[in-house]
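Chain by chain, the residues run as shown.
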Amino acid sequence: MSIHTPKIQKKVTVNTISKLKGVEPIVMVTAYDALFASIFDGEVEMILVGDSLNMSFLGEKDTLSATLDQMIYHTKAVCNGAKSPLIILDMPFGTYTDAKIALINATRVYKECCADAIKIEGGKERADIVKHLTDNGIAVVSHIGLMPQFVRAEGGYRVRGKTKEDRQRLIEDAKAVEEAGAFALIIEGVVTEVAKEITQSVSIPTIGIGAGNSTDGQVLVWSDMLGFFTEFKPKFVKRYLEGASLVKEALSNYKNEVKSRTFPTNEHTYK
Ligand code: KIV
């Protein structure tokens, strides 16, 4: 069954997002450029310029080498393409190692591009950083659970919340960043029941990725959900398009027509 929801006309703000908790599921997707951002414009409440671009755009094996220059460059492109969604810049690894450094870098983000908010990975252990940022006028989305920037330190990508201790730890993380002023919380790679409990424990909206269907919203990486990234498919990804196959088929048609001189025809030729 396909349900058609109306286009979002007005600019989505932090306040819009806060008001959606418990009212309507929030839709978030990543984007890295103006072209795709313009296609997503009006369809989603939030666009995350995720450091996942380091993998799907640059072809690196993880997100760790992404730089702030890169993130600002891509956020500028997304801002040029999308007018209504709230746009969030993902602070790359090493740019928020303490509160002072985080504020210098987040201030640079606000001055150099139109990001509405920034995202940082971490719970209780980074609540002081979230507080310093929000105290100084930066809107923050926190990210807990599986945290890709810490994959090397943690020895791999592991689903979280499987033990009683970890469940407790995640709930404490969520409460700590809420208290520190984060206006939304991404929960990644967490067992469904724990993600549900976190969602019920905080008053800020939770956005899940690989965290089941009880969070206040969902986020997917655009190149995963549209089937352009095909090297592997995590369990939580649903492909809404077979992008890579469709592009390959179109390219093959183009190639055949060029080789056989059936393109261009009169229709595509100046007289
Ligand atoms: O970088 C990214 O795209 C993200 C999402 C997976 C939440 O952090």
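Everything quoted here is computed from the prediction, not taken from an experiment.

Procedures and definitions
- Residues numbered from 1 in each chain as written.
- Predicted model: local features only at pLDDT ≥ 70, side-chain atom pairs only at ≥ 80, totals over all residues.
- Heavy atoms only, no water.
- Pairing = 2+ DSSP bridges.
- Helix = DSSP H or I, 4+ residues; strand = E, 2+ residues; numbered from the N terminus.
- Axes fitted to C-alpha atoms, helices over the stretch in contact; angles between N-to-C directions.
- Contact = heavy atoms within 4.5 Å.
- Patch = residues over 30% accessible without salt bridge, like charges linked within 9 Å, V, L, I, M, F, W, Y side chains within 5 Å.
- Areas by Shrake-Rupley, 256 points an atom, 1.4 Å probe, with all protein chains shown as cover.
- Salt bridge = Lys/Arg side-chain N within 4 Å of Asp/Glu carboxyl O.
- Buried < 20%, exposed > 50% of the residue type's maximum accessible area, 1.4 Å probe, protein only.
- 1 Å grid on protein atoms, 1.4 Å probe; cavity = no way out; pocket = protein on both sides within 12 Å on 5 of 7 lines; lining within 4 Å.
- Points joined across faces, edges and corners; volume = space filled by probe spheres on them.
- Nonpolar A, V, L, I, M, F, W, Y, C, P; charged D, E, K, R; others polar.
- Near = heavy atom within 4 Å.
- Polar contact = N/O pair within 3.5 Å; in protein donor to acceptor, adjacent residues only side chain to side chain.

Q: Can you lay out the sheet that holds strand 4 (residues 117-121) for me, pointing to particular residues and giving the numbers?
A: In spatial order, the strands read 1-2-3-4-5-6-7-8; together these 8 strands close into a barrel with parallel pairing. For this sheet, the mean angle separating the axes of adjacent strands, direction not counted, is 25°. The pairing of strand 2 (residues 46-49) with strand 3 (residues 86-90) spans 4 bridges and is parallel. Paired with Met 46 across the strands is Leu 86, a residue of strand 3. Against the sheet, helix 4 (residues 68-81) contacts strand 2 and strand 3, and its axis sits at roughly 165° relative to strand 3. Helix-sheet contacts for helix 9 (residues 192-201) involve strand 5 (140-145), strand 6 (184-188) and strand 7 (206-209), and the interaxial angle to strand 6 is about 170°.

Q: Tell me about a nonpolar patch on the surface, and please be specific about residues and values.
A: The grouping of Phe 228, Leu 241, Leu 246 and Val 247 at the surface amounts to a nonpolar patch, some 310 Å² of accessible area in total. Tracing the chain through its elements places Phe 228 in the loop between helix 10 (222-225) and helix 11 (243-259). A residue is classified by how much of its surface remains accessible, and Phe 228, at 30% relative accessible area, is partly exposed.

Q: Please provide a residue-by-residue account of unusual backbone geometry, values included.
A: Of note, the bond from Phe 263 into Pro 264 is cis; its omega dihedral lies within 30 degrees of zero at -5°. In this fold, Pro 264 is placed in the segment after helix 11. Even without glycine at this site, Arg 261 takes up a positive phi of about 55°. Inspection of the secondary structure puts Arg 261 in the segment after helix 11. For Arg 261, a relative accessible area of 75% puts it in the exposed group.

Q: Explain the layout of surface pockets residue by residue, including any values.
A: Any empty space left between atoms is shown by rolling a water-sized probe over those atoms. Put simply, the second largest pocket is a space of about 600 Å³. Surrounding the second largest pocket, 30 residues form its lining, Pro 148, Glu 188, Val 221, Asp 224 and Phe 236 being those nearest its centre. Every element with two or more residues in the lining of the second largest pocket is listed here: helix 3 (53-56), strand 4, strand 6 and helix 10. Of the residues that constitute the lining of the second largest pocket, the class distribution is 14 nonpolar, 9 polar and 7 charged.

Q: Describe the side chain of Ser 142, naming the residues involved and giving the relevant values.
A: Examined against the element boundaries, Ser 142 turns out to sit in strand 5. Since its relative accessible area comes to 0%, Ser 142 is described here as buried. Among residues more than four places away in sequence, those in contact with Ser 142 are Ile 120, Gly 122, Val 130, Val 177, Ala 182, Ala 184, Leu 185 and Ile 186.

Q: Residue-level account of the site of the ligand, with values.
A: Around the ligand sit Thr 30, Leu 48, Gly 50, Asp 51, Ser 52, Asp 90, Lys 119, His 143, Glu 188, Ile 209 and Val 221, and those are all the residues in its vicinity. Between the ligand and the protein, one listed contact pairs an oxygen atom with a side-chain N or O atom of Asp 51 at 3.0 Å. Contact between the ligand and Lys 119: an oxygen atom at 3.1 Å from a side-chain N or O atom of the residue. Here the ligand, which alone exposes 260 Å², has 95% of that area covered by the protein. Across the shell around the ligand, the residue classes break down as 3 nonpolar, 4 polar and 4 charged.

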